Amino acid sequence: MSVVARVRRRVPWDETRLLALLSVALALGAPLRTMYHLIDVVGSPTVFLVVTAVSLAAAAVLARVLRPILAITVGAVLFGAGLVWYVTNLSTDPALAALLRDTVALLTGRRLLQIANVRLWVISFAPAPVFLTTYFALRRWYVTATLAAGTALGFFVLTTDADVVTTLLGVVGAFATIGFGTLDTIDHPDERRSPGDGGPVATGASATVDDQGVDSGRRSVLEQLAAVIVVPAVISRLPSVSGTSLSFVDEEQATVEGSLVDADESMTIQGDISLTPTVRYTVESEAARYWRVAAYDRYTGDGWVRTGNSSPYDGTRLAEPPGDSRTVRQSFEAESDIGTVPAVWKPVRYDGDVDVKLTTHDGFQPVDDLTAGDSYQIVSEVSVATPRQLREAGTEYPDRVTRRYLQLPESTPDRVGETTATLTENAQNPYETALVVERWLQNNREYSLDVERPERNVADRFLHAMDRGYCVYFATTMVTMLRTQDIPARMAVGYTPGEQVDENRWVVRGLDSHAWVEVFFPDHGWIQFDPTPSEPRAAAEQARIEEARSEGDGTVDTGETGTDSNVTETETPTPPPLTETNETTETSTPANTSNETATPFGEGRANSSTEGSAGPPLPDLPSREETALGLVALLGTAAGLRRSGVTKRVSRAIWLRYQRREDPETDVEQAFQRAMYVLDDEYRPRESGETVRDYLDDVDAGEDVRRLAILRERLRYGGTVSEEAADEAVEIADSIVSNR
């Protein structure tokens, strides 16, 4: 027997086998989709794709020549080799300690995106599960293949890097693999299978199953598979009591504060959002400033991640920003339970009631939450760089800055950079570029909390297909635009000054939570910009305060605010420029520039209409995950219909009632078979060896059927038949079918 024949005999490529392998591909595709997303966020996925392709090819080649125990050994070697390669390529010293910290962090729920070397980690991890899953799938050990893919996906679920849709795809793929794998082994009982593997059991173990048992097993598997595919889709669309749809995620509307300052190490950009009027802090400060909580450096396309690990704060004075600065002292008192420690950028010393840790961006975070009445003091050094100094700062950025703050997802469309380059073509330096982008966003996008969150890259959609959003959209888009021009930038979150109740005293509410931008300038450090229009935001916040007061919300005011206050409130000033100036001949861009601010670089360039550069909104096409789910559902439905005999009955009904005309000989034969099918159904099937005449006599067939049988005899023994005879035969068959 030839090699090809042996392979064909061992690998019957029928529909159940194909569906089982497609389901394995879906089960493996879920962790691969997660890994690809991780790679896409931090850099080019080319190496990852090559590694994955090589692992798949190796598994396909070795599936028929390598014993399972050796395959498991190969998988373990691949995993170990990847681990060694990861450690030896870490830039940290010592690398083993860094690996240990990363491992402990991941096992305690840390996201992979928070690891600085996530690209290296994924490329090291990928070969083992890809090889093992593919190998065992081709060996028809479907449960073992599912276990390999499911373990990888389970790890990403624990680290929260796999989203809900991806996880659901993996689960559906796993169940579909087991279901179709069972059908495959039922169809081929003579194949050797291993005990308990859904595929490999002793030869002949299922050969004793009768047709009824086989059909019952098939129906059981298909019913379970249909439930796995259909039930989640149905449940997700069932109306709830409130009239909305159920979902796999919490549908409660998020707040600006909850999505920003409470997001901790990572933040997903939300859609519609609300304001929290509860008082959080009272602040005494020498100046009105933005009370910064944290910063994020890694943009994922739909959110932000802060990379690196926090470290203990021992009370020593931190490094001051480069360049000239002035000291700003603040005193904060918590008015409600809260888990943040805001401070003016850049904080250099902390002293307070609760212990804090230091983030990788030199921000403070409490070890335990603050309770009402807790207080702390901050000393900050604020840059006083002038516009002239920032214009002359140049572009000699440190490597540590460019490595971390120029990152963009590989999927970021080229048009983001093209649009930014067009808008800023008259800017002569990074400072002017930042001003143009800041003012363009202020003047060309409206502020609104009612936003439909885009499915794709948020910055691209906000720049090219949306006309409104809130602070996160503005800040995310500005950072992305600047990074496309090789200008290091990051997103900062915290609180605006709040309501001023005395000369140096402010009341800060949850609705004062805000996001803005920090841009790096050599010799001056991080300088703040705010692209969000200030007046609409302030109006929305004030309206929410009044609404809360009218509802009798006691958390919206202190003794220093509200209608019952005995304190004479001072008018809250517009916050001073985020970039200060001591020069009278130059003006800095205020944090809250009016929408009527003119562009300083090129008449009308920064304030041009979005229609010329943005283009029409993109259609909301199904995502890749939704498409994959739909494909699996379609395949499962098709297989179920075929196994239940529905497709056969439908095709038979069509064949019986609608005869497609061909040549006379074929027409007569098909007409005769149609008539015999009706007789079989009404009386009995013709027995083996029974002549047509004997059969027609026994069932007492009519003259029309006998006439059709004569026409067929003429064809069989005469060799030819006329067109008129064919027409007569078809007419007789049509009459018999219609009168059944």
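Structure first, text after, so check above.
Remember, predicted model here, so these are calculated numbers, not experimental data.

## Observations concerning helix H18 (residues 534–550)
Right, so step 1: For H18, built from 17 residues, the straight-helix expectation of 24 Å at 1.5 Å per residue is met to within 8% by its first-to-last C-alpha distance of 25 Å.
Right, so step 2: Among all positions of H18, only Ser534, Arg537, Glu541, Ile545 and Ala548 are buried. Angular distribution of buried residues about the axis of H18 spans 75 degrees; they occupy a single face of the element. Residues of H18 that are exposed and point more than 90 degrees away from the buried face comprise Glu535 and Ser550.
Right, so step 3: Tucked into the core, H18 has its buried residues touching strand E14 (446–447), strand E18 (505–509) and strand E19 (513–521).

## A look at a negative patch on the surface
Right, so step 1: Residues Asp262, Asp337, Asp355, Asp368 and Asp369 make up a contiguous surface patch of negative charge.
Right, so step 2: In this fold, aspartate 369 is placed in the loop between strand E12 (364–366) and strand E13 (375–383).
Right, so step 3: A relative accessible area of 55% places aspartate 369 in the exposed class.

## Description of the packing of helix H22 (residues 664–682) against helix H25 (residues 723–738)
Right, so step 1: Interaxial distance between H22 and H25 falls to 9 Å at its minimum, and their mutual angle equals 20 degrees. Overall, the two elements H22 and H25 adopt an arrangement that is roughly parallel. In the crossing of H22 with H25, the sense of the turn from one axis to the other is left-handed. Across the interface between the two elements, Pro664, Asp667, Val668, Ala671, Arg674, Ala675 and Val678 of H22 pack against Glu723, Ala725, Ala726, Ala729, Val730, Ala733, Asp734, Ile736 and Val737 of H25.
Right, so step 2: Looking at the contact of H22 with H25 residue by residue, the classes come out as 12 nonpolar, no polar and 4 charged.

## Quick word on the sheet that holds E19
Right, so step 1: Taken in spatial order, the 4 strands make up an open sheet running E5-E16-E19-E20, and their pairing is antiparallel. Here the strands that pair on one side only, and so sit at the sheet edges, are strand E5 (291–296) and strand E20 (525–529). Going from strand to strand, the sheet's axes swing by 40 degrees on average, the running direction of each strand aside.
Right, so step 2: Two strands pair when backbone bridges link them, and E19 and E20 are joined in this way by 5 bridges, in the antiparallel orientation. Residue pairing for E20: phenylalanine 521 is matched across the bridge by glycine 525.
Right, so step 3: Running at roughly 25 degrees to E20, helix H15 (residues 430–444) makes contact with E19 and E20 of the sheet.

## A short note on the pattern of salt bridges
Right, so step 1: Using the criterion set out here, one finds 32 salt bridges in the structure.
Right, so step 2: In this structure, arginine 684 engages glutamate 690 in a salt bridge whose closest nitrogen and oxygen atoms are separated by 2.7 Å.
Right, so step 3: A relative accessible area of 16% places glutamate 690 in the buried class.
Right, so step 4: Glutamate 728 serves as the salt-bridge partner of arginine 707, at 2.8 Å between the closest nitrogen and oxygen. Placement of the pair is arginine 707 in helix H24 (residues 703–718) and glutamate 728 in helix H25, with a sequence separation of 21 residues.
Right, so step 5: For arginine 707, a relative accessible area of 28% corresponds to the partly exposed category.

## Describing the sheet that holds strand E17 (residues 499–502)
Right, so step 1: The 6 strands lie next to each other as E10-E13-E9-E4-E18-E17, forming an open sheet whose pairing is antiparallel. In this open sheet, the two edge strands, each paired with only one partner strand, are strand E10 (347–352) and E17. Between one strand axis and the next, the sheet turns through 25 degrees on average, direction left out of account.
Right, so step 2: Pairing between strand E4 (residues 279–285) and strand E9 (residues 325–334): 5 bridges, direction antiparallel. Bridging from a neighbouring strand, tyrosine 281 pairs with alanine 334 of E9.

Basis of the calculations
- Residues numbered from 1 in each chain as written.
- Predicted model: local features only at pLDDT ≥ 70, side-chain atom pairs only at ≥ 80, totals over all residues.
- Heavy atoms only, no water.
- Helix = DSSP H or I, 4+ residues; strand = E, 2+ residues; numbered from the N terminus.
- Expected span 1.5 Å × (residues − 1).
- Buried < 20%, exposed > 50% of the residue type's maximum accessible area, 1.4 Å probe, protein only.
- Arc of directions from axis to C-beta.
- Contact = heavy atoms within 4.5 Å.
- Patch = residues over 30% accessible without salt bridge, like charges linked within 9 Å, V, L, I, M, F, W, Y side chains within 5 Å.
- Areas by Shrake-Rupley, 256 points an atom, 1.4 Å probe, with all protein chains shown as cover.
- Salt bridge = Lys/Arg side-chain N within 4 Å of Asp/Glu carboxyl O.
- Lys, Arg positive; Asp, Glu negative; His and termini not counted.
- Charge placed at Lys NZ, Arg CZ, Asp CG, Glu CD.
- Axes fitted to C-alpha atoms, helices over the stretch in contact; angles between N-to-C directions.
- Parallel < 35°, antiparallel > 145°, perpendicular 65-115°, else oblique.
- Left-handed = near helix turned anticlockwise from the far one by under 90°.
- Nonpolar A, V, L, I, M, F, W, Y, C, P; charged D, E, K, R; others polar.
- Pairing = 2+ DSSP bridges.

Shape is all these values report; function is a separate question.
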